[in-house]
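# Structure assessment
Chain by chain, the residues run as shown.
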Amino acid sequence: MSKSSYLIPRRTFLRGLGASLALPALDIMSPAVSHAKTDKPKPPVRLAVLFKGAGVNPTSWDITGATETEFTLSRLLQPLENNKRDIVVLRNIDTDQRANGGHENVTVTFMTGRTRKSRLKQWQSFDQVIADKVGGETPVKSLALRSDTYLDRNDPAENFISFGADGNPLPVEAQPELVFNRLFKGFHNSGFRQRTASVLDEVKDSYAAIARKASRRDQQVLEQYLQSVRDVERDIDQFNAQGNAARDAKLRQIEPLRAANNLAERTAAMLDLMALAFWTDMTRVSTLMMAHTESRSTFEFLGINDELHMLSHFVRTRNRSSGLDGYDRINLWYISQFARFINRLKALPDPEGTVFDNSAVLFGSGIKHGDYHSVSDLPLVLAGGGGGQIKPGRYVEYPNLPNGNLHLKLMQIMGIQRDQYGNSTGVLPGISEKANLPPRYVDDGTWKITKEDGKQIAVKGLLKISVKPDDLNLYLVQISGGKELEIRPSFGNVHNTRLDASVGSLVQLEGETTVKNGRKTITKITRIKRL
């Protein structure tokens, strides 16, 4: 018997009556992925975008006193400590500055680098530029998912992050069981579901036929794969078991007031489904809206009953019971889910390395400061090996660059060459190789008070922020010699001057001062310019 007689095609499915199940790469798949071949192609590269709306507490997010390869993760990034060598923390990536100060543009700018066209039609998002190129090679062109079920009825643009070439938003699936059916079962009626306890029961004969041909390694991969599918089915069944038909019928008559419960289970199931879809090559592009930019989700499983959106406005809603600590704990939980997804991908074998090695995973938010909605220095972390095109284990502090440059780089990793996209000025460097950037600012002795006339002041210096539970709205300007002047303006003054958008930058600012407890304090900003 020739060796080729027992090889099977790459797009082999386990099949049964009314069910089919895609397989991961096996040794016996012919001819491209056979381990005996020396000319096998590289595994496909996948793209995942995890959008976490509602910003962060900048002080809890920012890494300080670091170099590119020697850095300590901040409080919010602590869940990634065991994955420190799997990630690239990106600093000073900005989006369109016209989006500063509100929510209405930030989901669109996060994915397109441009402010929105209208409430309904948008620019094509970068993930869909990629999906148009690679989506024809997989059964599902791309997946658009959400685990936060809140929808803003007054502003539909906020409810989506993926937009097609026609400008229309992609339908977003919020029910993990439907995603599972789409990927692994197909749509079935309730009678079929009652007769079929598991898709695995339907394909057991097909599985046995393939297993007889499989090497020991293939049998291990098959068993790991099928156990993963069983685990997802179990999680989905557990999620559905909390339902009640009579109660659901009544609830359908009531307008929803907030997002559904079980956010934790829904998020875990969606991330598992993304991982399995990548592993089986059902799709190579997927987005997940983990949190809406104006999320009404509450987090009872964390002991937090306040809505995320309200907690994100921590300067104005300081009297909320959960306070700044609750906001930080929610963001810590989201980062922990990101870490869990990384580890899930690392556990799935690919013909070369793991699915993680051949993926690019972007985690981030469309705003930085949760209350001022600033769109400079977006909170972004890139993970994965990108098929050898991402050099992880680094902290890269760029000069302020547009997020369109990052979009172009991710397109490049996915095999697409373009000169321009959105607000781009070029392809973002320092992703496939060390950035080796010089220090962003060096105190040259010119950071100082340049004018002082009574209560009027002009200062050149480095703008900083300090957020503490008992001091939520403090800014500082550092002048030469390390001295810092306090800036304590009103919320409206910060919002109107967009002061927060310049944090971390060398600035020239003008304002008014007062003396409190013998200390000169800037209490109003009249002009600010990022240098």
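Residues numbered from 1 in each chain as written. Predicted model: local features only at pLDDT ≥ 70, side-chain atom pairs only at ≥ 80, totals over all residues. Heavy atoms only, no water.

## Structural notes on the sheet that holds strand S6 (residues 87-94)
- Taken in spatial order, the 7 strands of this open sheet run S7-S8-S5-S9-S10-S6-S11, and their pairing is mixed. For this open sheet the edge positions go to strand S7 (143-146) and strand S11 (394-402), each flanked by a neighbour on one side alone. Averaged over all pairs of adjacent strands, the angle between their axes in this sheet comes to 20°, without regard to strand direction.
- The sheet contact formed by strand S9 (residues 359-364) and strand S10 (residues 380-383) spans 4 bridges and is antiparallel. Within S10, the residue paired with Val361 across the bridge is Ala383.
- Against the sheet, helix H12 (residues 323-346) contacts strand S5 (46-52), S6, strand S8 (285-291), S9 and S10, and its axis sits at roughly 175° relative to S9. (Pairing = 2+ DSSP bridges. Helix = DSSP H or I, 4+ residues; strand = E, 2+ residues; numbered from the N terminus. Axes fitted to C-alpha atoms, helices over the stretch in contact; angles between N-to-C directions. Contact = heavy atoms within 4.5 Å.)

## What about the pairing of S6?
- Among the 8 residues that make up S6, 8 are buried, leaving the element largely enclosed by the rest of the structure.
- For S6 and S10, the ladder comprises 4 bridges, and the chain directions are antiparallel. In the strand pairing of S10, Val88 is matched with Leu382.
- Examined bridge by bridge, S6 and S11 share 6 bridges and lie parallel to one another. Considered in S11, the bridge of Val88 is made with Arg394. (Buried < 20%, exposed > 50% of the residue type's maximum accessible area, 1.4 Å probe, protein only.)

## Side note on H12
- Here H12 spans 35 Å end to end across 24 residues, near enough to the 34 Å set by a 1.5 Å rise per residue.
- With 17 of its 24 residues buried, H12 lies for the most part within the structure. (Expected span 1.5 Å × (residues − 1).)

## Looking at the packing of aromatic side chains
- Taken as a whole and assessed by the stated rule, the structure comprises 11 aromatic pairs.
- Ring centres of Phe51 and Phe110 lie 5.1 Å apart, and the angle between their planes is 70°; this geometry places the pair in the edge-to-face category. One end of the pair, Phe51, is in strand S5; the other, Phe110, is in helix H2 (residues 106-112), and 59 residues separate them in sequence.
- For Phe51, a relative accessible area of 0% translates into the label buried.
- Judged by relative accessible area, which is 3%, Phe110 ranks as buried.
- Judged by centre distance (6.5 Å) and plane angle (55°), the rings of Tyr372 and Tyr475 are tilted. Of this pair, Tyr372 sits in the loop between S9 and S10 while Tyr475 sits in strand S14 (residues 471-478), placing them 103 residues apart in sequence. (Phe/Tyr/Trp six-rings, centres within 6.5 Å; stacked < 30°, edge-to-face > 60°.)

## Considering the confidence of the model for the chain
- In this model, the chain carries an average pLDDT of 85, and 82% of its residues clear a pLDDT of 70 or more.
- Residue range residues 1-5 is modelled with pLDDT below 50. Its contacts to residues more than four positions away, or to other chains, number 1 contact.
- Confidence over residues 186-197 falls short of pLDDT 50; this stretch has 9 contacts with residues more than four positions distant or in other chains. (pLDDT = per-residue confidence, 0-100.)

## Observations concerning the pattern of salt bridges
- All told, the structure shown has 27 salt bridges when counted by the stated rule.
- The partner of Arg91 in a salt bridge is Asp62, and the shortest N-O contact between them spans 3.9 Å. Taken together, the positions of Arg91 in strand S6 and Asp62 in the loop between helix H1 (58-61) and S6 put the pair 29 residues apart, joining distant regions of the chain. The same class applies to Arg91 and to Asp62, which are both buried.
- Connected through shared salt-bridge partners, Asp62, Arg91, Lys368 and Asp377 make up one network. (Salt bridge = Lys/Arg side-chain N within 4 Å of Asp/Glu carboxyl O.)

## Details of unusual backbone geometry
- If you check the backbone angles, Asp377 has positive phi at about 50° while not being a glycine.
- As for its placement among the helices and strands, Asp377 is situated in the loop between S9 and S10.
- Judged by its relative accessible area of 5%, Asp377 is buried.
- The residue Asn436 is not glycine, and still its phi comes out positive at about 50°.

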